[in-house]
Amino acid sequence: MGIIPDKALEQHIAILGITGSGKTFAAKGIAESILSSGGHLCVIDPTGAWSGLRSSASGKKAGFPVVIFGGDQADVPLTANSGEAIAEIVATTDTSCVLDTGNMTVRDQTRFLTDVAETLYRLNRKPLHLIIDEAHNIMPQGKVADPQSAMMLHAANRLLSQGRSRGLRVMMISQRPQKLHKDSLSQAQALVAMRVVAPQDRKAIEDWIGSWADPKEGADMMASLPSLQTGEGWVWAPVVGVLKRVKFPPIKTYDSSKAPDGEAGEIVLAKIDLPAIQARLELATSDAAENDPKRLKARIAELEKAKGKPDADALRKAEEAGYARGRAEVAPAVKQALAAAGDRLRALAEDLGSSQVISAAPVPNPVPLQPSRPKAPPSSTRSEIGDGLPRRILTALAQLDGAVPKSRLALMVEVKASGGYFRNTLTKMRSEGQVTGTDPISITPAGRAAVGPVDPLPVGRDLLDVWSKRLGGLNERILGTLWDAGALAKGDLAARVGTDPSGGYFRNTLTKLRGLGLIDGTQTVSLSMNFYTA
């Protein structure tokens, strides 16, 4: 997708620069590339600068068919209460859109964006590029003004810390890096740094470098930030090995942020199916109202007041509706887990030479997935390790809970296993008693206390997606093939992934995957039990 590598666009990204540095134009260019390739996009726009995606740069031709919710160019107006319904449309359809909150009061905007973030996290399960302009206003560093703002901050931070497994790729745009919440900025795995002058804002960028890369590599970049020209910036994606100074090209869509000059004439907009959007919005709004806990509670209170006791039939129906909704949301995950267990049983039977046929569906007595382990109690040392590489290392070790090969740990925390930054960090952590061993490496009780509670790793298909994205290439094809087909003879596996079974590339890839604990077997290859329970 041009200046930003495709792999970097699968991660969270931060675009930082002062007003007038060209950061919004850089972000628009990236958005145009995403839309041109058929990607799914949602822009949170508090400035009214993004509606121009609907038209060409000249305004005389159609642009992209994005729906404009809110603002002066609205297809559909926004209200403080419409966040959940609109986010449901974004999460459950392929509708790309701009959410222009520029005309809303701060109070209404806070309520709206909180509902948007919470609903996207709850419902989204496919790739969605979420662009947040002026992100420091939604995820501010420092003390928040009120409980509702705190809820908005928490909801937005959760999109970054836990949203990738749900398909979310967040792009934060900010003119004040120092005012962007540290927990939010630290989740960005790629950085676009444009002109930045203030020392405190440059310090925030230095902190990001300290979390994700070797500060020595960024010396030239940091020295050049105050003198970068408009539209010029640095693209740094340590995970994919990219660090380059670039000039962003002009955007191909209309500049809706420029002041009106009275000469633009009528702007040609891409067509959208507005009646379908309105019908879907009405349905989503109706569903939200029907399931609103406050509404249900008020109805129960009315019944109690009228009859002196709850209406048993109404309560039973409400309870049944709740159970039905819960089953509908949980059923796909249960089905995936059972299928994964059945596939694994078949693979084990083939390795053992068993003639017994094991059926994946239905699975009468599925092998239970390993339960998540009790989380360690919070420790006073938690804040001492910050949010950088030491925390990522301790989190990965706590999730894997055992002696972990160094190469696998490096992949988990997305650094080079042979890099000096990784090696020096591990040396320091060993000296502080947080980890033990050189290869493999284990977490110590002191390390568990320092990192505090951690979320368990995903299992089944979700874990397959995690490793596929991190490894890519032939590794990804092998894992996906074994997931779909179960255990395969080595020659059959090579044929299915399109490579020579006797070639060094194939043999070395299998050796690497075995070393990472992701596959078992030499002549007959299958996904390992570690894969499902890591």
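Since this is a predicted model, take the numbers as computed values, not measurements.

(A) Summary view of the overall build of the protein chain. A tally of helices and strands in the protein chain yields 20 helices and 14 strands. The buried share of the protein chain, reckoned over its 534 residues, is 44%. For the protein chain, the proportion of contacts with a sequence separation of at least 24, taken over those separated by at least 6, is 70%. Total accessible area on the protein chain is roughly 25900 Å²; 53% of this is exposed by carbon and sulfur atoms.

(B) Local environment of the sheet that holds strand β12 (residues 488-489). Reading across the sheet, the three strands line up as β12-β14-β13 and stay open at both edges, with antiparallel pairing between neighbours. The strands lining the two open edges of the sheet, one partner per strand, are β12 and β13 (519-520). When β12 meets strand β14 (residues 524-527), the two strands line up antiparallel, connected through two bridges. Bridging from a neighbouring strand, Leu488 pairs with Val525 of β14.

(C) Just helix α19 (residues 504-515), in detail. Compared with an ideal rise of 1.5 Å per residue, which puts 12 residues at 16 Å, α19 spans 16 Å between its outermost C-alpha atoms and is within 8% of the ideal. Positive backbone phi, approximately 75 degrees, marks Gly517, located one or two places after α19.

(D) Geometry of the pairing of β14. Here two bridges tie β13 to β14, and the two strands are oriented antiparallel to one another. By the bridge assignment, Ile519 is partnered in β14 with Leu527. Taken together, β13 and the strand that follows it, β14, pair antiparallel across an intervening segment of three residues, in which Gly521 is found at a positive phi of about 90 degrees.

(E) Focus on the packing of helix α16 (residues 460-471) against helix α17 (residues 473-485). Where α16 contacts α17, the axes come no closer than 7 Å and their chain directions differ by 160 degrees. Classified by the angle their axes make, α16 and α17 are roughly antiparallel. Crossing geometry of α16 relative to α17 is assigned as left-handed. Contacts between α16 and α17 involve Gly460, Arg461, Leu464, Trp467, Ser468 and Leu471 on the former and, on the latter, Gly473, Asn475, Glu476, Leu479, Gly480, Trp483 and Asp484. In terms of residue class, the contact of α16 with α17 is built from five nonpolar, five polar and three charged.

(F) Region of the structure containing the packing of α17 against helix α18 (residues 490-497). Where α17 contacts α18, the two axes come as close as 10 Å, and the packing angle between them is 115 degrees. As α17 runs across α18, the sense of the crossing is right-handed. Across the interface between the two elements, Leu474, Arg477, Ile478, Thr481, Leu482 and Ala485 from α17 touch Leu493, Arg496 and Val497 from α18. The residue makeup of the contact of α17 with α18, split by class, is six nonpolar, one polar and two charged.

(G) Inspection of the sheet that holds strand β6 (residues 168-174) at higher detail. A sheet is described by the order of its strands in space; here nine strands give the open sequence β3-β4-β2-β5-β6-β1-β7-β8-β9, paired in mixed fashion. Looking at which strands have only one partner, the edges of the open sheet turn out to be β3 (67-69) and β9 (242-247). On average, adjacent strands in this sheet sit at an angle of 15 degrees to one another, irrespective of strand direction. Each of β1 (13-16), β2 (41-45), β5 (128-132) and β6 is contacted by helix α2 (residues 23-36), which is oriented at about 160 degrees to β6, the strand it contacts most.

(H) View of the packing of aromatic side chains. For the structure shown, the criterion picks out one aromatic pair. Measuring from centroid to centroid gives 6.1 Å for Trp208 and Trp236, while their planes differ by 65 degrees, and the two rings are edge-to-face. With Trp208 in helix α7 (residues 199-212) and Trp236 in strand β8 (residues 232-237), this residue pair connects regions lying 28 residues apart in the sequence. Judged by relative accessible area, Trp208 falls into the buried class, the value being 2%. Positioned above the aromatic ring of Trp50, the side-chain terminus of Lys28 is 5.9 Å from the ring centre. Positioned above the aromatic ring of Trp212, the side-chain terminus of Arg392 is 3.9 Å from the ring centre.

The rules behind each value
Residues numbered from 1 in each chain as written. Predicted model: local features only at pLDDT ≥ 70, side-chain atom pairs only at ≥ 80, totals over all residues. Heavy atoms only, no water. Helix = DSSP H or I, 4+ residues; strand = E, 2+ residues; numbered from the N terminus. Buried < 20%, exposed > 50% of the residue type's maximum accessible area, 1.4 Å probe, protein only. Contact = heavy atoms within 4.5 Å. Areas by Shrake-Rupley, 256 points an atom, 1.4 Å probe, with all protein chains shown as cover. Pairing = 2+ DSSP bridges. Expected span 1.5 Å × (residues − 1). Axes fitted to C-alpha atoms, helices over the stretch in contact; angles between N-to-C directions. Parallel < 35°, antiparallel > 145°, perpendicular 65-115°, else oblique. Left-handed = near helix turned anticlockwise from the far one by under 90°. Nonpolar A, V, L, I, M, F, W, Y, C, P; charged D, E, K, R; others polar. Phe/Tyr/Trp six-rings, centres within 6.5 Å; stacked < 30°, edge-to-face > 60°. Lys NZ or Arg CZ within 6 Å of the ring centre and 35° of its normal.

Purely geometric stuff here, so don't read any function into it on its own.
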